[in-house]
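Residue-level listing of the chains:
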Amino acid sequence: MTVTGVHSIDSSISRTNSWLADIADSLGTDDRRLAYRIAGAWLHTLRDHLTVDAAAHFGAQLTEVLRGVYYEGWRPGQVPVRSSQAEYAAQFARDARIREEQVPVAAGVVTAVARRHMSPGTVDGTFALLPPYLRELLEVAPAALTPDGSG
């Protein structure tokens, strides 16, 4: 299906829609707006905890649409941010407009979806740059996910 008549943009929209569908399905919801907010929170909190070079490398692997979301509001002169796991989760929750106790499952879902949609090793290579306590927050085992996304 063509939306814009520009193949690269239409392809990016389609691939981004696939990300959002996978996130929503994994959370047991049809709410694409929720999936979008959670994806954006995941992208922004991850980005802000990376160096400029690492953030740019990761961003280059995203679809054009997700890349726009990823870079929205970015302040490269103020990264990387250092925060505790609790501070990271609080920021994620605020951005996604979810409860803090929902963050591990929401973050784990997006991590799993990113691994399916990005080149092999991209997520793991980027996560290797994060402190272990942040990787732990972003890596909820799929078995921990329930159909309603409650974890």
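Nothing here was measured: the structure is a model prediction, and the numbers come from that model. (Residues numbered from 1 in each chain as written. Predicted model: local features only at pLDDT ≥ 70, side-chain atom pairs only at ≥ 80, totals over all residues. Heavy atoms only, no water.)

J.: I'd like a description of the overall build of the chain, backed by residues and values.
T.: The secondary structure content of the chain amounts to eight helices and zero strands. Counted from the first residue to the last, the chain has its helices and strands arranged as α-α-α-α-α-α-α-α. In summary, the chain has a C-alpha radius of gyration of 15 Å against a globular reference of 15 Å for 151 residues, a match within 12%. Projecting the C-alpha coordinates of the chain onto the three principal axes gives extents of approximately 45 × 40 × 25 Å. (Helix = DSSP H or I, 4+ residues; strand = E, 2+ residues; numbered from the N terminus. Rg over C-alpha atoms; globule rule 2.2 N^0.38 Å.)

J.: Got a sec to walk through the packing of aromatic side chains? Specific residues and values, please.
T.: Evaluated as defined, the whole model comprises five aromatic pairs. An angle of 50 degrees between the planes, with centres 6.1 Å apart, marks the rings of W42 and F58 as tilted. With a gap of 16 residues between them, W42 in helix α2 (residues 32–48) and F58 in helix α3 (residues 52–59) connect regions that are remote in the sequence. A relative accessible area of 1% places W42 in the buried class. The buried category is assigned to F58, whose relative accessible area is 0%. Taken together, the ring pairs connect W42, F58, Y70, Y71, W74 and F127 into an aromatic cluster. (Phe/Tyr/Trp six-rings, centres within 6.5 Å; stacked < 30°, edge-to-face > 60°. Buried < 20%, exposed > 50% of the residue type's maximum accessible area, 1.4 Å probe, protein only.)

J.: Which residues make up the packing of helix α1 (residues 7–27) against helix α6 (residues 103–117), and what values do they have?
T.: Where α1 meets α6, the axes come as close as 9 Å, and the angle between the chain directions of the two elements is 140 degrees. One way to sum up the angle between α1 and α6 is to call them oblique. For the crossing formed where α1 meets α6, the hand is right-handed. In this structure, α1 uses S18, W19, D22, I23, S26 and L27 to contact α6, whose residues at the interface are V105, A106, V109, V110, V113, A114, R116 and H117. (Axes fitted to C-alpha atoms, helices over the stretch in contact; angles between N-to-C directions. Parallel < 35°, antiparallel > 145°, perpendicular 65-115°, else oblique. Left-handed = near helix turned anticlockwise from the far one by under 90°. Contact = heavy atoms within 4.5 Å.)

J.: Run through helix α5 (residues 85–96), naming residues and quoting values.
T.: When the terminal C-alpha atoms of α5 are compared, their 16 Å separation across twelve residues agrees well with the 16 Å that a helix rising 1.5 Å per residue should span. Turning to α5, its buried residues are Y88, A89, A90, F92, A93 and A96. For α5, the secondary structure elements touched by its buried residues are α2, α6 and α8 (132–138). (Expected span 1.5 Å × (residues − 1).)

J.: Explain the nonpolar core residue by residue, including any values.
T.: The biggest cluster of nonpolar side chains holds 44 residues, and the ones touching the most others in it are I38, W42, F92 and I98. Secondary structure elements with two or more residues in this core: α1, α2, α3, α4 (64–71), α5, α6, α7 (122–127) and α8. (Core = buried A, V, L, I, M, F, W, Y, C linked by side-chain atoms within 4.5 Å.)

J.: Which residues make up the pattern of salt bridges, and what values do they have?
T.: Counted by the stated rule, this structure contains five salt bridges. Taken together, the shared-partner salt bridges in this structure form one network comprising R115, D124 and E139. (Salt bridge = Lys/Arg side-chain N within 4 Å of Asp/Glu carboxyl O.)

J.: Could you give me a rundown of a nonpolar patch on the surface, with the residues and numbers involved?
T.: Together, V3, V6, I9, I13 and V65 give the surface a local cluster of nonpolar side chains, amounting to about 350 Å² of exposed area. Taking the relative accessible area as the measure of exposure, V6 reaches 40% and is therefore partly exposed. (Patch = residues over 30% accessible without salt bridge, like charges linked within 9 Å, V, L, I, M, F, W, Y side chains within 5 Å. Areas by Shrake-Rupley, 256 points an atom, 1.4 Å probe, with all protein chains shown as cover.)

J.: Kindly report on α1, identifying the contributing residues and their values.
T.: Between its terminal C-alpha atoms α1 stretches 30 Å, which fits the 30 Å expected from 21 residues at 1.5 Å a residue. Within the sequence span of α1, burial applies to D10, S12, T16, W19, L20, A21, I23, A24 and L27. Where α1 is buried, its residues meet α2, α4 and α6. Once α1 ends, the next one or two residues include G28, with phi positive near 70 degrees.

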